[in-house]
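Commentary on secondary and tertiary structure
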Amino acid sequence: MAINLYCFESFIKFKYLKTINQMKHLLIILSIILFSTNTYSQNTQITSFSKSKKLLLKVYKDNPVTLYCSCTFKGKKPNLSSCGYIPKKDKKRANRIEWEHVVPAHAFGKSFSEWRTGHPNCVSKKGKKFKGRKCAQKINEEYRRMQADMFNLYPAIGEVNGRRSNYSMGIIEGEKREFGKCDVEIKSRKVEPREEIRGEIARTYMYMDSVYPGRGIISKKNWKLFESWHRSDPVDEWECERAKRIEKIQGNRNEIVLKKC
């Protein structure tokens, strides 16, 4: 069982405090512990990101809608007019669907030594050593399974996927839109998604943190944010159906979602 030490220490610290604010803080900590101390089964069947992307087209066959902008799509082609999307700079990438890692590969990849420092077998044909995503993908099977985990993959307009980069989730002041009517704000290495998907994003982070413990997927300061998003945006019918479909293909359950269905 993986224990979030920050939560445990906070629980001990606030256990005997009596004020209302302190008790509220304790309740938040306890709810976080419930999520962070459960270890569920991982993706053990799919190790290819490319394969996952092909399989996900079947999962979304009757609900082809992108995550951030709510654009409809067919195959690899988004219908930009369906969500009022206006390309900013990269029209080519704006006109294709990509599969977004809600928990960025960088967020968990940096926990692997192959990503950070490389590996003796990570050498190019020209004899040049390399590290990072390419090396982790080549050497480490657990990394490949995490990268291919379909519960963490969602359809997104390519330009938005690129603009999101590996930035963390957060709240951004104002409502500055970069892509027409698409309700997503990106500033200062932060991403603020529309309210309708915040719970889905929070539960994706919670799922990844619960099944792949010790990878630093959720920072201390983001636990409270995700708990808030989880409560304010409950699981809906499609989120349940999506989880059930992926379970049939991938073989493991997303307990964070399914226990709320």
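Look above for the structure.
These lines cover the structure that appears in this document, whether it is placed above or below. (Residues numbered from 1 in each chain as written. Predicted model: local features only at pLDDT ≥ 70, side-chain atom pairs only at ≥ 80, totals over all residues. Heavy atoms only, no water.)

Some remarks on the overall build of the chain
For clarity, the threshold we go by: Under the scheme used here, helices are H or I runs from DSSP no shorter than 4 residues and strands are E runs no shorter than 2 residues, and both carry numbers assigned from the N terminus. Burial classification: accessible surface area is computed with a 1.4 Å probe over protein chains only, and a residue below 20% of its type maximum counts as buried, one above 50% as exposed, and the rest as partly exposed. Residues are treated as being in contact if the distance between any of their heavy atoms lies within 4.5 Å. Shrake-Rupley sampling with a 1.4 Å probe provides the accessible areas, and residues are treated as covered by the protein chains on show and by no other component.
A count of helices and strands for the chain gives 13 helices and seven strands. Looking at the chain residue by residue over its 261 residues, the buried ones come to 49%. Long-range pairs, those at least 24 residues apart, make up 66% of the contacts in the chain with a sequence separation of at least 6. Surface exposure of the chain reaches about 13,900 Å², of which carbon and sulfur atoms provide 52%.

Digging into the state of the cysteines
Convention followed: Cysteine sulfur atoms are paired as a disulfide whenever they fall within 2.5 Å.
For the coordinates displayed, the defined rule picks out four disulfides. In this model, C71 is linked to C83 through a disulfide, with the two sulfur atoms separated by 1.8 Å. Residues C71 and C83 are joined by a disulfide whose S-S torsion is about -50°; by sign, that bridge is left-handed. Placement of C71 in the loop between α3 (49–59) and β1 (72–74) and of C83 in the loop between β2 (77–79) and α4 (91–94) is noted, with a sequence separation of twelve residues between them. The exposure class assigned to C71 is buried, which follows from its relative accessible area of 0%. By sequence-ordered numbering of the bonded cysteines, the chain has its disulfides arranged as 1-6, 2-3, 4-5, 7-8.

Considerations on the side chain of N254
Looking at where N254 falls in the secondary structure, it is placed in the loop between α12 (237–250) and α13 (255–258). Excluding anything up to four places from it in sequence, N254 contacts F151 and Y207.

Here we look at empty space enclosed by the protein
Threshold: Two kinds of site are reported from a 1 Å grid over the protein atoms alone, namely cavities, where a 1.4 Å probe fits but cannot get out, and pockets, open sets with protein on both sides within 12 Å along at least five of seven lines, and residues are called lining when an atom falls within 4 Å of a point. Grid points are joined across faces, edges and corners, and a volume is the space filled by probe spheres set on the points. Gly is placed with the polar residues, together with every amino acid not listed as nonpolar (Ala, Val, Leu, Ile, Met, Phe, Trp, Tyr, Cys and Pro) or charged (Asp, Glu, Lys and Arg).
Going through the model one piece at a time under the given rule, you end up with one cavity of 30 Å³ or more. Space inside the largest cavity adds up to approximately 50 Å³. Together, Y154, E200, R203, T204, E239, R242, A243, N254 and V257 line the largest cavity. Those elements that provide at least two residues to the lining of the largest cavity are α10 (198–211) and α12. Split by residue class, the lining of the largest cavity holds three nonpolar, two polar and four charged.

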